[in-house]
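Structural features, examined
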Amino acid sequence: MTNIIETQSLSKNYGKTCGISSVSLNVGEGDIFGFVGPNGAGKSTFIKLILNLIKPTSGTATVFEKDVFKKSHVIKRSLGYAPSDVRFFPNMTTDQILKNTLRFHRNKNYSRIDTICNRLDLDKNKKFKELSLGNRKKVALATALIHEPKIIILDEPTSGLDPLIQIRLFEMLEEAAKKGATVFLSSHNLAEIRDHCTVTGFIKNGKIINEQRLDTAITNKKIVTITAENLNREILERLNVTIISDNDNSVKFSYTGELSTLIKTVSCIEMSDIIIENNSLAGEYIKYYDDGDKL
Ligand code: ADP
C-alpha cells in the first residue's frame, strides 16, 4: 500500500511545552485513519504540522512523498481540511465560500455546491454570521470535500454535528475513500472510529502509543456482561473469553467468536441479566490510558 502521509521522528515543542514528540506515522492510500487521544495529547499539533501551519522542532513529514514544509503550496491543491474551530468571513454566504474554495482548487464543478449542501442539509444562501455553530461546522466540512481532494484532513469533524449529519459525513468519507482518497481525522468518539475507520492511532503526551488496523477481529468483538447469582466461571472458560472485570455476581468479558456459540454456551446459566455490546474500542483505549486520563 502506498503511504500518502509519512512522518519520521516528527517533534514540536512550544517553548518548554511538548506538542508532539518523535511521531513516526504512515497513512496508506484509501485508508480512513482515526486519530484518538485525550485533550492536549498532540492531535491538533500533528495536523497543523502536516498542513505546514506550524514549523516542527525536528523530524520530517511528507504528503504524496513531498516534503510538507517545502512543498505545501503544491500539496494544498489536492488537500481538503476542516479545522476543529471554524472561521470564515462573516458576511460571506456558504455559496460564496464554496465557490471561492473551488476557484482556489481550479475546479469548475460548481454543481457540487448544491449536491454537497443538500447532503449536509445546508442553506447555501445564508451568510456565515447567521449560522449556528453546527451549521458553521458543516460549511467547513463542505469546503474540505467540495473539490473531491485526494487527501482529506478533519480535526474533530463530528463534534457539534447532529447524529444524522454525522452519518451523512461518514457516508461521504467512505465514498471518497472508495474512490482512492485518503482520510485523516481526529475524534473523541470511539464508536465512530470503530464503525468507520480502517486504522486507528492512539496518542498520549505527544507520543504515539498504539496504532492498529481495525480488522474484523476488533470490530466484531463483543463486550458481554452477565449478572447471575452463583455464576459458574468454568462455563466462560469454554468460550475462550478475556475477562474485563469480575465482581461477586457479575462478570464482564470480551468475546470474538460466533454469537450463536456464545448464546448456546451461556444459556444454561440462570442469569438475571445479560448485556451484549459491540466493542466500543474503549477497552483497547483504556488499556493505554489507565492512569485516569479521560476522553
Ligand atoms: P489536542 O489537539 O490533542 O487536544 P494539542 O495539539 O492542541 O492537543 O496540544 C498538545 C500540547 O501542546 C498541549 O500541552 C497544549 O497545551 C500544547 N500547545 C498546543 N498549542 C500550543 C501553543 N500555541 N502554545 C503553547 N502550547 C501549545
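Quick caveat: nothing in here was measured; it's all calculated off a predicted structure.

Turning our attention to the sheet that holds strand 14 (residues 273-278). Strand order in this open sheet of 4 strands is 12-13-11-14, and the pairing throughout is antiparallel. Each of the sheet's edge strands pairs with one partner strand only, and the pair in question is strand 12 (242-247) and strand 14. Direction aside, neighbouring strands of the sheet carry axes that sit 15° apart on average. Where strand 11 (residues 222-227) meets strand 14, 6 bridges bridge the pair, whose relative direction is antiparallel. The residue of strand 14 that forms the bridge with Ile 226 is Ile 274.

Over its 16 residues, helix 6 (residues 163-178) extends 23 Å from the first C-alpha to the last, a length consistent with the 22 Å expected when each residue adds 1.5 Å. Buried residues of helix 6: Ile 165, Leu 169, Phe 170, Met 172, Leu 173, Ala 176 and Ala 177, and no others. For helix 6, the buried positions fall inside an angular range of 160° around the axis, keeping them on one side. Helix 6 presents Pro 163 and Lys 178 as exposed residues on the side facing more than 90 degrees away from its buried surface. In this structure, the buried side of helix 6 is in contact with strand 3 (32-36), helix 4 (111-119), helix 5 (133-145), strand 7 (151-155), strand 8 (182-186) and helix 7 (190-196).

The next point concerns unusual backbone geometry. In this structure, Glu 148 takes a positive phi of about 50° despite not being glycine. The topology assignment puts Glu 148 in the loop between helix 5 and strand 7. One non-glycine residue, Asn 240, adopts positive backbone phi at about 55°. Within the secondary structure, Asn 240 is located in the loop between helix 9 (233-237) and strand 12.

Three or four residues apart is the spacing at which side chains of an α-helix point the same way, because the helix has 3.6 residues per turn. In terms of burial, helix 1 (residues 43-50) is a largely internal element, 6 of the 8 residues being buried. Taken as a whole, helix 1 has its buried residues at Lys 43, Thr 45, Phe 46, Ile 47, Leu 49 and Ile 50. Among the residues trailing helix 1, Asn 52 stands out with phi positive, at a value near 60°.

Once that is clear, we can look at the packing of helix 5 against helix 6. Contact pair helix 5 / helix 6: the axes reach a minimum separation of 12 Å and the direction vectors enclose 10°. Between helix 5 and helix 6, the angle falls in the class roughly parallel. Contact residues: Lys 138, Leu 141 and Leu 145 in helix 5; Ile 165, Leu 169, Met 172 and Leu 173 in helix 6. For the contact of helix 5 with helix 6, a count of residues per class yields 6 nonpolar, no polar and 1 charged.

The immediate surroundings of the ligand are formed by Tyr 14, Thr 17, Cys 18, Gly 19, Pro 38, Asn 39, Gly 40, Ala 41, Gly 42, Lys 43, Ser 44 and Thr 45. Isolated, the ligand exposes 560 Å² of accessible area, and the fraction of that covered by the protein chains is 61%. Every element with two or more residues in the shell around the ligand is listed here: strand 2 (17-28) and helix 1. For the shell around the ligand, a count of residues per class yields 4 nonpolar, 7 polar and 1 charged.

Rules used throughout
Residues numbered from 1 in each chain as written. Predicted model: local features only at pLDDT ≥ 70, side-chain atom pairs only at ≥ 80, totals over all residues. Heavy atoms only, no water. Pairing = 2+ DSSP bridges. Helix = DSSP H or I, 4+ residues; strand = E, 2+ residues; numbered from the N terminus. Axes fitted to C-alpha atoms, helices over the stretch in contact; angles between N-to-C directions. Expected span 1.5 Å × (residues − 1). Buried < 20%, exposed > 50% of the residue type's maximum accessible area, 1.4 Å probe, protein only. Arc of directions from axis to C-beta. Contact = heavy atoms within 4.5 Å. Parallel < 35°, antiparallel > 145°, perpendicular 65-115°, else oblique. Nonpolar A, V, L, I, M, F, W, Y, C, P; charged D, E, K, R; others polar. Near = heavy atom within 4 Å. Areas by Shrake-Rupley, 256 points an atom, 1.4 Å probe, with all protein chains shown as cover.

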